[in-house]
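Working through the structure, step by step
Single-letter residue listing:
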Amino acid sequence: MSRTPRFTRTSLSVAVLAALPMLANAAGFQVNEHSAAGLGRAFAGEAAIADDASVIARNAAGMSLLDSQMFTAAVSYIKPEVDVELEGRGTAKNVADEAVVPTFYYVRPIDERWTVGIGGFSNFGLATHYGNASGITPAADETELTTYNLNPSVAYRVNDDLSVGFGVNFVYADATLTSSSATPIPGFLPNGGDISKLTGDDWGYGWNAGILWQATDATRVGLSYRSEVKLKLEGKVSTDTVMPWNSKGSVDLTLPSIAELSVHHQLNDKLAVHASAVHTGWSSFDELATDLDNGQNFPTVKEEWKESWRYAVGMTYQYNDQWTWRTGIAKDNSPVRNEHRTFRIPDADRIWVSVGGSYKLDKAQSVDFGYAYLQGKKVDIDEEFMGSSMKAEVKAADVHILSLQYNYRF
């Protein structure tokens, strides 16, 4: 029977999605920043709205609503404000790193029925960094998970009221994780150093499909689905603790499926309302298992996340020919079960409040802008390390998001 301390099992087994996935801007480690226009309405109604080419990211069928070539590019700045207070040891401030998320899209109608397009965006990612003074670095030091999705798509207009869409996803993922201690740990890490460090990357593949139905002259309904993407992050593990674990290896990771049901209703010439329900299949994130090339056994950690839902409502107001205003609210439910909340994954529910707008520069060009404030629920953590309890509270879990977008119609 292995006598590896439980501290080591926890630190080294969480090999890919360690630290605070709540510090991504959506539940789990999901990323929603696909457009500035969508951000302004809290991403309500996205699968039923086609303001611009970014519709590729939410429902490929919506490309049928664009009657000319269009290029859309956006950049979002994410500023988390997250503090974790470890009982008796002080507070780790601003443990979530700032991030910039770029996106681009291009749509081209082929004829009256067929439209093609391609998009580049991210659906998942996170970045955190604890300082040595926090006392948390043995459990979670630095974590970075980056994914980027290239998504060629095609849409077909069945008739005036119904369109369908399909796409293929080429997803690149890169991960770097460390756990460390700046001070010696008697009997375990006598000189301090790296408890674990893992780097790895991979390409994965998936698909997406959607339908768009013009139910009435004023009401449009969209339904979309994005498949799971299976990845094998190949890289290496290094440690100053269990020497046989210094080896090349891989970690299996499944990015979850995403399904969205959206409604867009035009109340009058000026005002439209929209809503979305988004289901993310987080139950696919049930464990983290690492395979070492040298054949050494590496512990597996059970995560057992649950399915989660996000609900959003918003409105759009056409002020005049040049200006459009948007607002929205959303409730983002966490996939983490209370009994599995740890320092590495203390995810919690959050509320979104968003505002934004558009300005039409001329017949061909327009810009969009959006701002969202996310407030996360405070949570307590009580986790055992090396036979003793380590308790903490996530004192603040707020996020500010700013986004700017440029659109060009050919």
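Only a predicted model underlies this, so the values are computations on that prediction, with no experimental measurement involved. Every chain is numbered on its own, with residues counted from 1 as its sequence reads. Per-residue local features are limited, in this predicted model, to residues with pLDDT of at least 70; the limit for side-chain atom pairs, both in listing and counting, is 80 or more; totals at the level of whole chains, interfaces and linings are taken over all residues. Excluding hydrogens and water, the side-chain figures rest on all heavy atoms present in the structure.

**A few points about the pattern of salt bridges**
Let me state the cut-off plainly: Salt bridges, as used here, are contacts in which a Lys or Arg side-chain nitrogen is within 4 Å of a carboxyl oxygen on Asp or Glu. Under the DSSP-based scheme used, a helix requires at least four consecutive residues in state H or I and a strand at least two consecutive residues in state E, with every element numbered from the N terminus. Only protein chains enter the area calculation, which uses a 1.4 Å probe; residues under 20% of their type maximum are buried, those over 50% are exposed, and those in between are partly exposed.
Taken as a whole and assessed by the stated rule, the structure comprises eleven salt bridges. When the shortest N-O distance is used, the salt bridge between K331 and D349 registers 3.7 Å. Here K331, found in strand β18 (residues 323–332), pairs with D349, found in the loop between β18 and β19 (350–360); they are 18 residues apart in sequence, far enough to count as distant. When its relative accessible area of 26% is taken as the criterion, D349 is described as partly exposed. One salt-bridge network, in which partners are shared between bridges, spans R41, E46, D51, R326 and D368.

**Considerations on the nonpolar core**
Put simply, the rule is: As used in this record, nonpolar core signifies buried Ala, Val, Leu, Ile, Met, Phe, Trp, Tyr and Cys residues forming a set joined through side-chain atoms within 4.5 Å.
By size, the foremost hydrophobic cluster in this structure holds 26 residues, and its most contacted members are F29, F124, L231, L255, W282, F285 and W305. At the level of elements, β7 (162–181), β10 (229–238) and β11 (247–255) are the ones that each hand at least two residues to this core. Counting residues in hydrophobic clusters, the runner-up holds 14 residues, among them A96, A348, I381 and V394.

**With respect to the confidence of the model for the protein chain**
Here is the rule we go by: Per residue, pLDDT captures the predictor's confidence, and it can take any value from 0 to 100. Pairs of residues are marked as contacts when any of their non-hydrogen atoms sit within 4.5 Å.
Mean pLDDT over the protein chain: 85, with 84% of residues reaching 70 or higher. Every residue in residues 1–23 scores below 50 in pLDDT, and together they form 100 contacts with partners more than four places removed in sequence or on other chains.

**Quick notes on unusual backbone geometry**
Of note in this structure, A42 is not a glycine but carries a positive phi near 60 degrees. Considering the arrangement of structural elements, one finds A42 in the loop between α2 (36–40) and β1 (70–86). A42 gets classed as buried once you look at its relative accessible area, which sits at 0%. For F43, which is not a glycine, the phi torsion comes out positive at approximately 55 degrees. Along the chain, F43 falls in the loop between α2 and β1.

**Observations concerning a negative patch on the surface**
For the record, the criterion: The residues that make up patches have over 30% relative accessible area and no salt bridge, and they are joined within 9 Å when like-charged or within 5 Å when they are Val, Leu, Ile, Met, Phe, Trp or Tyr. Shrake-Rupley sampling with a 1.4 Å probe provides the accessible areas, and residues are treated as covered by the protein chains on show and by no other component. Counted as positive: Lys and Arg. Counted as negative: Asp and Glu, with His and the chain ends omitted from the count. A charge is said to be at NZ when it belongs to Lys, at CZ for Arg, at CG for Asp and at CD for Glu.
Residues D201, E234, D291 and D293 make up a contiguous surface patch of negative charge. With respect to the element layout, D293 can be found in the loop between β15 (290–292) and β16 (301–302).

**A short note on the environment of S196**
Counting through the fold element by element, S196 comes out in strand β8 (residues 193–214). A relative accessible area of 9% means that S196 is categorised as buried. Remark: the alpha-carbon pair of S196 and T178, spanning 18 residues in sequence, is separated by 5.5 Å.

**Points about the pairing of strand β5 (residues 125–129)**
Formally: When DSSP finds at least two bridges between two strands, those strands are taken to pair.
Buried residues dominate β5, accounting for four of its five residues. Looking at chain direction, β5 and strand β6 (residues 142–157) are connected through five bridges and run antiparallel. Bridge pairing in β6 places A127 opposite E144.

**Brief notes about the side chain of S153**
The condition that has to hold: The term polar contact refers here to a pair of N or O atoms within 3.5 Å; inside protein, the definition further demands a hydrogen-donor-capable atom paired with an acceptor-capable atom, and it admits residues adjacent in sequence only when both atoms are side-chain atoms.
Structurally, S153 is set in strand β6. The exposure class of S153 is buried, given its relative accessible area of 7%. A polar atom in the side chain of S153 sits 3.4 Å from the backbone oxygen of N151. Residues contacting S153, with those up to four places away along its chain left out, are I56, A60, M63, T115, V116, G117, F166, G167 and N208.

**Some words on the pairing of strand β17 (residues 308–318)**
Bridging between strand β13 (residues 271–280) and β17 involves ten bridges; their strand directions are antiparallel. Bridged to A277 within β17 is Y311. Judged from the nine bridges that link them, β17 and β18 form a sheet pairing that is antiparallel. Pairing of R310 across the sheet is with D332, part of β18.

**What to know about the packing of aromatic side chains**
Put simply, the rule reads: Two aromatic rings from Phe, Tyr or Trp, using only the six-membered ring of Trp, form a pair when their centres are within 6.5 Å; if the ring planes differ by under 30 degrees the pair is stacked, by over 60 it is edge-to-face, and anything between is tilted.
Applying the stated rule across the entire model yields 21 aromatic pairs. Seen in terms of ring centroids, F29 and F285 are 6.0 Å apart; in terms of plane orientation they differ by 85 degrees. Their pairing is edge-to-face. Of the two residues, F29 is situated in the loop between α1 (6–13) and α2 and F285 in the loop between β13 and β14 (287–288); the sequence distance between them amounts to 256 residues. Ring centres of W323 and Y359 lie 4.7 Å apart, and the angle between their planes is 50 degrees; on these two criteria the pair is classed as tilted. With W323 in strand β18 and Y359 in strand β19, the pair connects residues that are 36 residues apart, well separated along the chain. Residue W323 is classed as partly exposed on the basis of its relative accessible area, which comes to 28%. Look at Y359 and you get partly exposed, because its relative accessible area is 24%.

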